[in-house]
Amino acid sequence: ADSFRLRRQVEEEEGTLTKISGAVKSYYNSAVDTVNGYVDNIKGLNLQEKAKNLYTETSTVVSTYAGIFQDQLYHFFHH
């Protein structure tokens, strides 16, 4: 009878460990899936392309106005 109790206790402990590890794996997989979903959404928004376009447009505007300002200074001091 004692050996039956020991086997049952070991089986119950293994069952509990299996349940705990299964729950931890489930939570982990759920967290990973959520993060991957966020990353896919961010990629879908094309933020990198938008940032690159914003930089290019800003650089063009700044260089244009810097050129105009430089011309104004040149004409101011040379005339």
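Analysis parameters
Residues numbered from 1 in each chain as written. Predicted model: local features only at pLDDT ≥ 70, side-chain atom pairs only at ≥ 80, totals over all residues. Heavy atoms only, no water. Helix = DSSP H or I, 4+ residues; strand = E, 2+ residues; numbered from the N terminus. Buried < 20%, exposed > 50% of the residue type's maximum accessible area, 1.4 Å probe, protein only. Phe/Tyr/Trp six-rings, centres within 6.5 Å; stacked < 30°, edge-to-face > 60°. Patch = residues over 30% accessible without salt bridge, like charges linked within 9 Å, V, L, I, M, F, W, Y side chains within 5 Å. Areas by Shrake-Rupley, 256 points an atom, 1.4 Å probe, with all protein chains shown as cover. Salt bridge = Lys/Arg side-chain N within 4 Å of Asp/Glu carboxyl O.

Observations concerning the overall build of the chain
Summing up its helical and strand segments, the chain has two helices and zero strands in all. Looking at the chain as a whole, 0% of its 79 residues are labelled buried.

Let's talk about the packing of aromatic side chains
Taken as a whole and assessed by the stated rule, the structure comprises one aromatic pair. Taking 5.2 Å as the distance between ring centres and 75° as the angle between the ring planes, the aromatic pair formed by phenylalanine 76 and phenylalanine 77 counts as edge-to-face. Assessed through its relative accessible area of 61%, phenylalanine 77 is described here as exposed.

Here's the deal with a nonpolar patch on the surface
Taken together, the side chains of Phe69, Leu73, Phe76 and Phe77 present a nonpolar region at the surface, about 490 Å² in accessible area. Checked against the element boundaries, phenylalanine 69 lands in helix H2 (residues 47–78). Assessed through its relative accessible area of 53%, phenylalanine 69 is described here as exposed.

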